[in-house]
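Observations on the model geometry
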Amino acid sequence: MIKSYDVIIKLIDRYDYGGALDILCEKGFGDIDAAIIIKSCKYAVNFDFETAYNILKLLSEEKRNEKEILKLTKNLRDLIDGDPNAIFSELIENIKFQIVNEEYIDFLGRVYRFKEAIFKYIFVKEHLNRNKFSFLIEVMSKKSILKILRKKYRIFNSNLIYGISTYINKYLSYEKGYESIVKLLNSEKMTSLIELRNSSIVGHGFRAVSREDITRAYGNPYNVIDDFKFCLETLDINIEVHKYNIINELLNKELCHINSDSKQPINIKYCT
């Protein structure tokens, strides 16, 4: 019986795949399928999708062909290709991790990046006017967008968000959905949240950030996720918000089986 089973499951439930993997590897379970999946997740949550994808190739043939793993493999391939549905879904999940683990400065960093990503997506998709889209194209860079705004649309604001907001209001005002997105993302409460980020270590200062600070600025932190989901639904982005919960359920079953059948007990004091 794996006596550290409950600890491993607790770490997985908190999306601490690195911690769970350390325990399994320390006690000689680093090569089992569950550990390989956990290792893949460890890299995926840090946006190293190429490594996460390649790690899954180490799974047993039987496990690689299971429905959940085939779906995960395709998802990682989409992330590697910069597919907007996959990228935005991953960002939503990543924001949730920060709330669960009470990492509020990192949470603010993800919120800022997400807001910027939505604005960049709207601008580039409208500017290119094509269906096929990837986050990896060169025109998605801040430098390229500001250059296009200046040369083609005569918008000279050096702030990316304000520049794209001006573009949307000037050239896409007929798009009611875009107007609602701009209004939400440039709202007073979102601005207050971004100001918290700017004064923290991920911005330009050293201010600590608590849940109470975020609540005063925006309300329940999960409200941010709901508002971002609204933006994505307005943009017809297909979001998957349960990816890691599904993976965690799979890992729970895998480890439960090992916990019951193992003849090599893992007896450690790890959770102090």
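Above this note sits the structure.
It should be emphasised that the depicted structure is a prediction, and the values quoted were computed from it without experimental measurement.

Some thoughts on the overall build of the protein chain
- Across its full length, the protein chain holds 15 helices and zero strands.
- Reported as C-alpha extents along the three principal axes, the dimensions of the protein chain are approximately 70 × 40 × 25 Å.
- Expressed as a percentage of its 272 residues, the buried residues of the protein chain come to 49%.

Some remarks on the pattern of salt bridges
- For the coordinates displayed, the defined rule picks out twelve salt bridges.
- Among the ionic pairs, K74 bridges to D78, the shortest N-O distance being 3.0 Å. With K74 and D78 both in helix α6 (residues 67-80), this residue pair falls four residues apart, about one helical turn.
- With relative accessibility at 53%, the residue K74 sits in the exposed group.
- The residue R77 makes a salt bridge to D81 at a minimum N-O spacing of 3.6 Å.
- R77 sits in the partly exposed class, given a relative accessible area of 31%.

Considering the packing of aromatic side chains
- The tally for this structure, following the rule as stated, stands at 16 aromatic pairs.
- Taking the centre distance of 4.2 Å and the plane angle of 25 degrees together, the rings of F114 and F228 count as stacked. One end of the pair, F114, is in helix α8 (residues 104-128); the other, F228, is in helix α14 (residues 222-234), with 114 residues separating them in the sequence. Exposure class is identical for F114 and F228. Each is buried.
- Here the aromatic cluster, defined as three or more aromatic residues joined through ring pairs, consists of F88, F114, Y121, F133, F135 and F228.
- Sitting over the face of the ring of Y53, R77 holds its NZ or CZ atom 5.2 Å from the ring centroid.
- The residue whose ring lies beneath K189 is Y218, and the NZ or CZ to ring-centre distance is 4.5 Å.

A closer look at the state of the cysteines
- What the rule picks out here adds up to zero disulfides.
- Of the cysteine sulfurs around C25, a residue in no disulfide, the closest is that of C41, at 14 Å.
- Accessibility expressed as a relative area gives 42% for C25, which makes it partly exposed.

A look at a positive patch on the surface
- Taken together, K143, K147, R150 and K151 make up a surface patch of like positive charges.
- Considering the arrangement of structural elements, one finds K147 in helix α9 (residues 142-151).

Considerations on the nonpolar core
- In this structure, F88, I118, L193 and F228 are the most contacted members of the largest nonpolar core, which totals 95 residues.
- Each residue touching F88, except ones within four places of it in the same chain, is listed here: F114, A117, I118, Y121, F135, L232 and I237.

Notes on the environment of P84
- On the secondary structure map, P84 appears in helix α7 (residues 84-100).
- Given a relative accessible area of 8%, P84 falls into the buried group.
- Residues P84 and K115 lie 31 residues apart in sequence; the distance between their C-alpha atoms is 14 Å.
- Among residues more than four places away in sequence, those in contact with P84 are Y121, F133, F135 and I237.

Brief notes about the packing of α9 against helix α10 (residues 160-171)
- Two numbers describe how α9 lies on α10: the axes approach to 11 Å, and their chain directions differ by 40 degrees. Here α9 is positioned oblique relative to α10, judged by the angle of their axes. As α9 packs across α10, the resulting crossing turns out to be left-handed. On α10, the residues touching K142, I145, L146 and L149 of α9 are L160, G163, I164 and Y167.
- Among the residues forming the contact of α9 with α10, the class breakdown is six nonpolar, one polar and one charged.

Criteria and thresholds
- Position numbers for residues start from 1 in each chain and track the written sequence from start to end.
- A pLDDT threshold of at least 70 governs which residues receive local features in this predicted model, and a stricter bar of 80 or more applies before side-chain atom pairs are shown or counted, although totals over entire chains, interfaces and linings include all residues.
- No hydrogens and no water enter the side-chain calculation; it runs on all heavy atoms of the structure.
- Here a strand is any run of E in DSSP of at least two residues, a helix any run of H or I of at least four, and the numbering for each starts at the N terminus.
- Per-residue accessibility, obtained with a 1.4 Å probe over protein chains only, is compared with the maximum for each type, and a residue is labelled buried under 20%, exposed over 50%, and partly exposed between these values.
- For this document, the term salt bridge refers to a Lys or Arg side-chain nitrogen within 4 Å of an Asp or Glu carboxyl oxygen.
- Two rings belonging to Phe, Tyr or Trp (six-membered ring only in the last case) form a pair when the distance between their centres is within 6.5 Å. Interplanar angles under 30 degrees mark stacking, angles over 60 mark edge-to-face geometry, and anything in between is tilted.
- Two conditions define a charge located above a ring, namely a distance within 6 Å from the ring centre to NZ of Lys or CZ of Arg, and an angle within 35 degrees of the ring normal.
- A pair of cysteine sulfur atoms is labelled a disulfide when the two atoms are within 2.5 Å.
- Patches here: salt-bridge-free residues with over 30% relative accessible area, like charges joined within 9 Å, nonpolar side chains (Val, Leu, Ile, Met, Phe, Trp, Tyr) joined within 5 Å.
- Areas reported here follow the Shrake-Rupley algorithm with a probe of radius 1.4 Å; residue values treat only the protein chains shown as occluding.
- Residues scored as charged are limited to Lys and Arg (positive) and Asp and Glu (negative), so that His and the chain ends carry no count.
- Charge positions are represented by NZ for Lys, CZ for Arg, CG for Asp and CD for Glu.
- What makes a nonpolar core is a set of buried Ala, Val, Leu, Ile, Met, Phe, Trp, Tyr and Cys residues whose side-chain atoms join them at distances within 4.5 Å.
- A contact between two residues is defined here by any heavy atoms of the two lying within 4.5 Å.
- Every axis corresponds to a line fitted to the C-alpha atoms, with the helix fit spanning only the stretch in contact, and the corresponding angles, defined between N-to-C directions, vary from 0 to 180 degrees.
- An angle below 35 degrees is treated as roughly parallel, one above 145 as roughly antiparallel, one from 65 to 115 as roughly perpendicular, and anything else as oblique.
- The crossing is said to be left-handed when, going from far helix to near helix, the turn is anticlockwise and less than a right angle, and right-handed when the turn is clockwise.
- Throughout this entry, Asp, Glu, Lys and Arg are counted as charged residues, while Ala, Val, Leu, Ile, Met, Phe, Trp, Tyr, Cys and Pro are counted as nonpolar. The remaining residues, Gly among them, count as polar.

All we've got here are geometric facts, nothing functional implied.
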